[in-house]
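Report on the structure
Spelled out from the first residue to the last, the chains are:
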Amino acid sequence: MLNFRKSLKDLFLVNHEAGILRLFLAAALIFVLWSLLAVISSAFDPFGSMDFRNILGINSENLALSLFLDIFDAYFSIFSFSLILMFLLIVLLSLDIVADFNLRLRSLQLKNISKKYLTSCAFSFPGRKKLLFPDDRFKASEDIFDGPLKAGIKPGCALLLKSKPSYSLIYNSGENLENIEISLAFREKIIDCFNMNPASIAFFVKDQSQSRSFLVDASYDYDLPTETGNMVKYASMLALFDSNNFREIIENLLVTETNLTLHQYFRSHPESSAYPSQEMQDDPIENNDKFSKEFKQKKYSRIVNFYKKGNGHGLKRNRKRTIYSRPISEVPSLIKVQEKNLSSSVMDELNELLEINLQNTLISLFGTGCLKAKILHFQEQGSK
Amino acid sequence: MQPENFKETGSFRKTRFILLSSIIFILIVFLFWAQTAWIFFVIVFMIVIVFSTMLFWQHYAAPDLDLFEQLFLTKNILINLFTRSPLFLTIKNGVIEGDYLLLKNKPEINVLNIDHKSAVLIEGNSNQRSLLLNGVHINIKKSKLIGVFNIGIRHIHLGPCAESDLGTKHSNESLAEFHLRKELVERTKTRLNSGDLIYPSFAIFYRLEPSGQEKKDSMLFQSICEKIRNDGSELVSSEMMDDFIISQLIEGWSAFCGDKNLDEILSNIPVSYELPLLTEFGIRYQITLEQIF
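The structure displayed is predicted, hence computed values, not measured ones. (Residues numbered from 1 in each chain as written. Chains lettered and ligands numbered in written order. Predicted model: local features only at pLDDT ≥ 70, side-chain atom pairs only at ≥ 80, totals over all residues.)

Turning next to the overall build of chain A. Within chain A, the secondary structure is distributed over 13 helices and 11 strands. Within chain A, the fraction of its 384 residues that count as buried is 33%. Pairs at least 24 residues apart make up 67% of the contacts formed inside chain A by residues separated by at least 6 positions. (Helix = DSSP H or I, 4+ residues; strand = E, 2+ residues; numbered from the N terminus. Buried ≥ 20, exposed ≤ 12 C-beta atoms within 10 Å, placed from the backbone. Contact = placed C-beta atoms within 7 Å.)

What follows is the structure, given as structure tokens:
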């Protein structure tokens, strides 16, 4: 029983050789079926014979020719020919129906792609294009991203694959600036394509108890593990994201963690030189007033499109606005800041604390650490 | 030849099916009109061929199903060609695709197609509930959908992002956007005992995590459903899960504020927030009170 199941499984294996073999087997099956119908036709003659002797006007006493015409009569009798024709029609019809099911199952738009996928799986028919990721068709669901498939990955990108029982990740680190070529087996599926290039963001964090805010420049990189076991964990973590909102969520998480880390640090190091500002201590009321103006700008400046350069009068509000987006990249050049760079030892301590906090949060959320972040630059924003 | 962007409509697909079926039917009638003895043979031959060829193609379309599931699916696909009800429901990112939720009389669903970021809790005939994860699920006939969840990472920003969010409608803002913003801001509006009106801003990251143990997961998601479904709604959606977490947070926040004054609250910001109920449900989360407006 076990052997029978295994043989049955082997019969449906999907690779080039198996496909070609199946094509021959299918042709052989059609021929065997046709022969069987021809035998039935010659034995029982349900509808009578076409009688090719009369049609072709051949009246030979040659044994070989006579035998051949008999066989020809049997194969092309109304019974056997019509049934084999029906068989072929049913094969096409079932392909059409299943292609339609496949189309809806994979939320595809084009039925041709669905049919090509089925025929290439079954008989190794050519027709499936090689894809290079990131590919626009992926987001538009314009193709089937299931194996068997050949795909290329551009440098800095990672493909998230689903193959039973788990996820896997193929990452092109881009060391040689060349695309990586991969072949997906049947039952393997491309789930998403992520841009894994390191990036940097600038954002404000506020300390409302001391009425101040800080401008932080931070960089982050995806901490890809080298061990296979950890890679599976990492891939499972990535599967929780969507490539569309991946960076947005990661950056928001980073902003939140940096915010918490800075306050944690300054609460435990109140003597730190950058904190609190001398001006604030001198005249808290006046400076608070000044601060509130700056503060307002800072809050808005979290949104890139919200700002444009004024003509020598600081900032002007841009009419564009976004409710959610927070990380910014162009603010430092636009805002007048009172620079108070922290010493490198403080920065090291901060980065160490940030790493611990970030790892703890990532592990509590995802079960694995997946991000390395570093504060590059740090300024307390005050008033001049 | 079809143009590249040609999209086949449902009616076109059905027309082609009817056309091909008619050809086969006419062939049978024409050929076997006087041969009633052979009709039985032909019908059996046709049924065997239809099922075997469909099983063959289906194996490549849905390879994870076993033989009996494939047979069941074939039957359903064939029946579906003559009915208007949808063959299956697709659930992506914890959302049911199509207008299923809007329908007053919900059609019977035989097949569920669930993506890797969704989980569905169903109730069978004997009131037994089970959790379905990623894949094509057959034979769920007469089962009732209880809850649809997004098991990916969720990020919600609750409260105002900037002081301008507290203001009136902006000239470049549509009425819908304004109401959305207003609702978002109003949800965290808190009046302290000292009379101060504050608008806290929270960053919420959370995810539901099935353990992979069928019974344990079913129990867990069932208890979440029961906790969330308090307004008599039939189906728990992922939006309701978001609302539940937000309401838990607001409840916790109100209790935290208690008789604190503004200075006491401000001295503790930013702060990570803990909600015991979410921990109890095994939900992984990170909630931070970022700032107060």
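Now for the sheet that holds strand β4 (residues 166–171) of chain A. Sheet strands line up and pair through hydrogen bonds in the backbone, either parallel or antiparallel. Residues and elements named next belong to chain A. Across the sheet, which stays open at both edges, the 3 strands sit in the order β4-β3-β6 with antiparallel pairing between neighbours. Because the sheet does not close on itself, it has two edges, and the strands there are β4 and β6 (189–195). Taken pair by pair, the neighbouring strands of this sheet meet at an average axis angle of 25 degrees, ignoring direction. Where helix α8 (residues 228–238) meets the sheet, it contacts β3 (157–163), β4 and β6, and its direction lies at approximately 95 degrees from that of β4. (Pairing = 2+ DSSP bridges. Axes fitted to C-alpha atoms, helices over the stretch in contact; angles between N-to-C directions.)

Before going further, it helps to examine the pairing of β6 of chain A. Residues and elements named next belong to chain A. With respect to burial, β6 is a largely interior element, 5 of its 7 residues being buried. Where β3 meets β6, 6 bridges bridge the pair, whose relative direction is antiparallel. Counterpart to Ala158 in the pairing with β6 is Phe194.

A separate point is the domain arrangement of chain B. Split into domains, chain B comes out as domain 1 (10–84) and domain 2 (154–292). Computed over C-alpha atoms, the centres of domain 1 of chain B and domain 2 of chain B are 53 Å apart. (Domains from an automatic or database assignment.)

Residues and elements named next belong to chain A. Cis geometry marks the peptide bond from Phe133 to Pro134, where omega comes out at 0 degrees. Mapped onto the fold, Pro134 is located in the loop between β1 (131–133) and α7 (136–139). The phi dihedral of Ser124 is positive, around 55 degrees, even though this residue is not glycine. If you check the backbone angles, Arg187 has positive phi at about 75 degrees while not being a glycine. Within the fold, Arg187 resides in the loop between β5 (180–184) and β6.

With 56 residues of chain B in contact, the opposing surface of chain A contributes 58 residues. Secondary structure elements with two or more residues in the side of chain B that touches chain A: α1 (10–32), α2 (36–61), β8 (154–158), β11 (200–207) and β13 (284–292) of chain B. Here the side of chain B that touches chain A takes 12 residues from α2 of chain B, the largest share from any one element. The residue inventory of the side of chain B that touches chain A, partitioned by class, reads 27 nonpolar, 19 polar and 10 charged. (Nonpolar A, V, L, I, M, F, W, Y, C, P; charged D, E, K, R; others polar.)

Its domain assignment divides chain A into domain 1 (2–121), domain 2 (129–195) and domain 3 (199–381). By residue class, the composition of the side of domain 1 of chain A that touches domain 2 of chain A is 6 nonpolar, 2 polar and 1 charged.

Right, let's get into the nonpolar core. Val98, Leu118, Leu160 and Val216 of chain A together with Leu112, Val120 and Ile204 of chain B are the most contacted members of the largest nonpolar core, which totals 117 residues. If we ignore the near neighbours within four places in the chain, the residues touching Val120 of chain B are Ile91, Leu112, Ile114, Leu132, Leu145 and Val148 of chain B. (Core = buried A, V, L, I, M, F, W, Y, C linked by C-beta atoms within 7 Å.)

All right, on to the pairing of β13 of chain B then. Residue and element names in this part refer to chain B. In terms of burial, β13 is a largely internal element, 8 of the 9 residues being buried. Across 8 bridges, the pairing between β11 and β13 is antiparallel. Among the inter-strand pairings, Tyr206 is bridged to a residue of β13, identified as Tyr285. Alignment of strand β12 (residues 271–273) against β13, held across 3 bridges, turns out to be antiparallel. Along β13, the bridge assignment pairs Val271 with Leu289.

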